[in-house]
Amino acid sequence: MVKSDMLISKSMNLAAELEKAIPSKRLLINEPMSNHTTFRIGGPADYFVLPASVQEVAAVLQAAKEFAVPVTVLGNGSNVLVLDRGIRGLVLKFGPEMAGIRHSGNTVFAGAGALLAAVSKYAAQYDLTGFEFAIGIPGSIGGAVFMNAGAYEGDMSQVVQAVTAVCQDGGLRRFELDELKFGYRHSVFQDNGCLICEVELALENGVNSSIRGRLDDYTEKRQTKQPIEMPSAGSTFKRPPGHFAGTLIEKAGLKGVSVGGAQVSTKHAGFIINAGGASAQDVLALIGKVQDSVYKQFGVSLHPEVRILGEA
Ligand SMILES: Cc1cc2nc3c(=O)[nH]c(=O)nc-3n(C[C@H](O)[C@H](O)[C@H](O)COP(=O)(O)OP(=O)(O)OC[C@H]3O[C@@H](n4cnc5c(N)ncnc54)[C@H](O)[C@@H]3O)c2cc1C
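What counts and how
- Residues numbered from 1 in each chain as written.
- Predicted model: local features only at pLDDT ≥ 70, side-chain atom pairs only at ≥ 80, totals over all residues.
- Heavy atoms only, no water.
- Core = buried A, V, L, I, M, F, W, Y, C linked by side-chain atoms within 4.5 Å.
- Buried < 20%, exposed > 50% of the residue type's maximum accessible area, 1.4 Å probe, protein only.
- Helix = DSSP H or I, 4+ residues; strand = E, 2+ residues; numbered from the N terminus.
- Contact = heavy atoms within 4.5 Å.
- Near = heavy atom within 4 Å.
- Polar contact = N/O pair within 3.5 Å; in protein donor to acceptor, adjacent residues only side chain to side chain.
- Areas by Shrake-Rupley, 256 points an atom, 1.4 Å probe, with all protein chains shown as cover.
- Nonpolar A, V, L, I, M, F, W, Y, C, P; charged D, E, K, R; others polar.

## Some remarks on the nonpolar core
Part 1: Of all hydrophobic cores here, the largest spans 32 residues; its most connected members are Phe 131, Ile 141, Met 156, Phe 189 and Leu 201.
Part 2: Mapped by element, the contributors of at least two residues to this core are strand E7 (107-111), helix H3 (116-125), helix H4 (141-147), strand E11 (160-166) and strand E13 (195-202).
Part 3: The dominant element in this core, judged by the number of residues it contributes, is H3, at four residues.
Part 4: Phe 131 has contacts with Leu 116, Val 119, Ser 120, Ile 141, Met 156, Val 159, Leu 201 and Leu 203, leaving out every residue within four places of it along the chain.
Part 5: Formed by 25 residues, the second largest nonpolar core is a distinct cluster that contains Leu 254, Ala 262, Val 290 and Leu 302.

This is how it looks when you write it as structure tokens:
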């Protein structure tokens, strides 16, 4: 068999194996990642699967391992820049199929695909406080644990009590708080490759009117200060020690500067937005331009908070 025939046959076998693991309506081939990222940017994934249970996650991982195909995980795609040639191998998205939310006492259990806003509202409904900070972060709870996402003095490390994840051997593992290695925009999952399936939050009893007041306050702050009406992946850069990335970028005179369809937001310089038809290449070039200019003017290195995935 020639090499190209072998590749076709291998990929047909993988598709057949995946169909044993997951119904075909939740298995897409050559799916554009621009449909699944808040940046609205990104080339196709070879295979795109939406598992509906921990068992399906494990079965998909097993099939990928058998065919030596790389696996990339996606939540709500709100902190990623997927490159223009897309993602080789398999993308596994934790979406609405794994987004159940329930509680017992003050503990809230959320499936990895549950959106943070939905979890915040759920907690408020049961007078549970501690998760208001997450109301406007447009991610899934799995992605938020992975990133230790935070806002308004709160972050995931303050509320997560335990996480259940499927690890590379296909086994299910429970991680307690002291094993999660939370740091600034960091968790153990950035090092161990496990796929977060369920998150347990330890919240406190609160007063409904105060909880709702905080939710409204945080929502209004975001609407006035952030370009949430435009596609983006949030803050492009991590906060450099002792500075704010947005302030440095603004002081460097970069507000509104663009490369192709990518632009430094005029509303908040910490955000690069897709002002229309931006490619990942445009965003990368603009990131480089901002880094150079800020370094030259202030001697501060900016490092992307946005995770860059796929092939250029
Ligand atoms: C308008 C806007 C505002 C934002 N504001 C904030 C903010 O205030 N604070 C903040 O911290 N962030 C903010 N963000 C960034 C982003 O929303 C958060 O980082 C969010 O937690 C990412 O979640 P996600 O589900 O979208 O993850 P994705 O972007 O899909 O993925 C992010 C990373 O997590 C990994 N991942 C996702 N799900 C899982 C899983 N189940 N298991 C293992 N790995 C996983 C992915 O592989 C990827 O490396 C903002 C983004 C936007 C667009």
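## Notes on the site of the ligand
Part 1: The environment of the ligand is made up of 35 residues, and the closest members are Val 73, Gly 75, Ser 78, Ser 140 and Gly 150.
Part 2: In the environment of the ligand, an oxygen atom lies 3.4 Å from a nitrogen or oxygen atom belonging to the backbone of Ala 144.
Part 3: Burial of the ligand by the surrounding chains reaches 95%, relative to a free accessible area of 980 Å².
Part 4: Of all elements in the fold, only strand E3 (71-74), H4, strand E9 (150-151), E13 and strand E15 (232-235) reach the threshold of two or more residues within the shell around the ligand.
Part 5: Here the shell around the ligand takes five residues from H4, the largest share from any one element.
Part 6: A per-class count over the shell around the ligand returns 18 nonpolar, 14 polar and three charged.

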